[in-house]
Amino acid sequence: MQILFHFGRYFLLLKDVFGRPERFRIYWRRTLEEMDLLGVQSLGIVALLSAFMGAVITIQTKTNIDSPLIQAWVVGFATRQSVILEFSPTVISLILAGKVGSNIAAEIGSMRVKEQIDALDIMGVNSAGYLILPKLAATILINPFLVMISMFLGIFGGWLAGVQAGVISSDDFILGIQTGFKPFHVTYALIKTVVFAFIITTISAYQGYFTRGGTREVGISSTRAVVYSNVVILLANLVLTRVLLL
Amino acid sequence: MIEVQGLSKRFGDNQVLTDISAVFEQGKVNQIIGMSGSGKSVLTKCMVGLHRPEEGRVLYNGRSFHDMNDEEKRGIRQEIGMLFQSSALFDSLTVLANVMFPLKMFARGSEEEMRERARFCLDRVNIVDKDDLFPSQISGGMQKRVGIARAIAMEPKYLFCDEPNSGLDPQTAILIDDLIKELTEEYNTTTIVVTHDMNSVMETGENIIFIHQGRKWWQGSRQELLNSDNTELNEFIYAGELMREVKRARDAGR
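Counting restarts for each chain, with residues numbered from 1 along the sequence as it is written. Here every chain gets a letter starting at A, and every ligand a number starting at 1, in the order they are written. It should be noted that, the model being predicted, local features are given only for residues of pLDDT at least 70 and side-chain atom pairs only at 80 or more, the latter also being counted only at that level, while totals for whole chains, interfaces and linings use all residues.

### Observations concerning the overall build of chain B
A run of H or I in DSSP becomes a helix once it reaches four residues, and a run of E becomes a strand once it reaches two; helices and strands are each numbered from the N terminus. When helices and strands are counted, chain B shows 10 helices and 10 strands. Here the C-alpha radius of gyration of chain B, 19 Å, is about what a compact globule of 254 residues would show, namely 18 Å. Judged by the C-alpha coordinates and their principal axes, chain B covers about 60 × 45 × 30 Å. Three classes are used. A residue is buried when 20 or more other C-beta atoms lie within 10 Å of its own, exposed when 12 or fewer do, and partly exposed in between, with C-beta atoms placed from the backbone. With 254 residues in all, chain B has 41% of them scored as buried. Note on contacts: residues are paired as contacts if their backbone-placed C-beta atoms lie within 7 Å. When contacts within chain B are restricted to residue pairs at least 6 apart in sequence, long-range pairs at least 24 apart make up 67% of them. Every radius of gyration here is taken over C-alpha atoms, with the globule rule written as 2.2 Å times N^0.38, N being the number of residues.

### Quick word on unusual backbone geometry
Residues and elements named next belong to chain B. The phi angle at S87 is positive, at roughly 75 degrees, despite the residue not being glycine. In this structure, Q213 is a non-glycine residue whose phi angle is positive, near 50 degrees. Here Q213 shows up in the loop between β9 (207-212) and β10 (215-220).

### With respect to the nonpolar core
By convention the nonpolar core is taken to be a set of buried residues drawn from Ala, Val, Leu, Ile, Met, Phe, Trp, Tyr and Cys and joined through C-beta atoms within 7 Å. Ranked by internal contacts, the top residues of the largest apolar core, which has 120 residues, are M82(B), V99(B), A118(B) and A149(B). No other element matches helix α4 (residues 74-113) of chain A, which puts 15 residues into this core.

### Comments concerning the packing of helix α3 (residues 95-106) of chain B against helix α4 (residues 111-124) of chain B
Residues and elements named next belong to chain B. One can describe the packing of α3 onto α4 by two numbers: an axis separation of 9 Å at closest approach and a directional angle of 125 degrees. With respect to their mutual orientation, α3 and α4 come out oblique. Every pair of crossing elements has a handedness; the one defined by α3 and α4 is right-handed. Contact residues: α3 offers L96, V99, M100, L103 and K104, while α4 offers M114, R115, R117, A118, C121 and L122. Looking at side-chain class alone, the contact of α3 with α4 contains eight nonpolar, no polar and three charged residues. For every element, the axis is a line fit to its C-alpha atoms; helices are fit only across the contacting stretch, and the angle between N-to-C directions ranges from 0 to 180 degrees. Note on terminology: angles under 35 degrees are roughly parallel, angles over 145 are roughly antiparallel, angles of 65 to 115 are roughly perpendicular, and the others are oblique. Two helices cross in a left-handed way if the nearer one is turned anticlockwise from the farther one by less than a right angle. They cross in a right-handed way if the turn is clockwise. Side-chain classes follow a simple rule in which Ala, Val, Leu, Ile, Met, Phe, Trp, Tyr, Cys and Pro form the nonpolar group, Asp, Glu, Lys and Arg form the charged group, and the remainder, Gly included, forms the polar group.

### Thoughts on the sheet that holds strand β1 (residues 2-11) of chain B
All names here are of chain B. Pairing between strands is defined by DSSP: at least two bridges between them are needed. Pairing is antiparallel in the open sheet, where four strands are placed in the order β2-β1-β4-β5. Two strands in the sheet have a free side with no partner beyond their single neighbour: β2 (14-24) and β5 (63-64). Two elements, β1 and strand β4 (residues 55-60), share five bridges in a ladder whose sense is antiparallel. Residue Q5 lies in a different strand from β4, and its bridge partner there is R57. Sitting on the sheet, helix α1 (residues 40-47) is in contact with β1, β2 and β4, with an inclination near 115 degrees to β1.

Okay, structure coming up:
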């Protein structure tokens, strides 16, 4: 029964989130600020992880398929497929759930326990819309760019590590990343990214918005935001892969 | 004027308020007093719509708040100013931006006009040259005053103050009390102050409601308060040595 209660309250919160903004201009300005806070400021960690993961994928692929029967360019092909289909959209989203999700839950949760959300409500401001909609718009708009940058850096990191370590020639790697390329795979990755951005933002905001108590509870909400976002991302990943790729 | 009729509220099995009826008059400082946990803050939150009561209703100039649609409720809320116990200033906004916030959300006019109005409100509560500071950079007393400035920015008809003196030194507490009284007279607001500070009650209370064990135990004026023979009320009023001294002096003078 408890899960039904949370489902119901989550969807009622979403209804308020998509309520009519009091001042569109203020919401838009907040969206730009959130794009900087939640997106641009995540660029460093996304770039670092992507480059290193791409490098590791290339080296591991080479060591695992080191056979005269398999052509050298397959390493580049496997790196591209791993990065575009799974690493960039899913793993980066899981990492963003940790960084961005905890930030959202902690910020909104702190505002709740300090009565700042009550203050918004009493002023007649739609607090759910004012606090959550700009974050949601920001992550949905900026996360696809983060993931595209991640794709590029992942493949670039793979090429650099492969060539530098001498496990593959530059020409073979480039041939591999061009072979059998399906543009729909990028579309599929970006669809997943947008869905995951929605999951991260709304679940984290839900956890923060309904925080009760003090700083300890804010911490608990923050942890729950990350755990639940990760679980739902993994489930959604399976469903989307089944629906979009099969 | 705000009228509460037969209001009851419970959280799970915990009955917090039972059948409260009271009238809060316009142009007066109405005070809700009572011990911690008596239900006075819950009563206030029911009145402003943060909690929905199980029974009863709250009438704003005859209009039942809980029977209004969302748009009407939003309209009433724009006529309410509230000072929270914790001040509830937005951490990420400067002092000036906090006071400008309700204006930006609801008022019409240029940015400059809103800035002028916000500065006027800050001047009114004696906050000068603090525009660009953040709430964490000013004292608790100043935060309360900025909270009052934000509450009066939209020229409210109804002003709620939840324990405005808590955590303040006696001098600052008197300043805040005086300010609330002055603003009530100036804007002719229906002011409701939740407090358990007897100094505040004696300074500003005009229509006083005593809540005990979730029920309205007593209602009257400041003068009636001192002459009351209600046992629970007297236990509350004369809990402190200062008030006991006042009582002894009064009794000796009779």
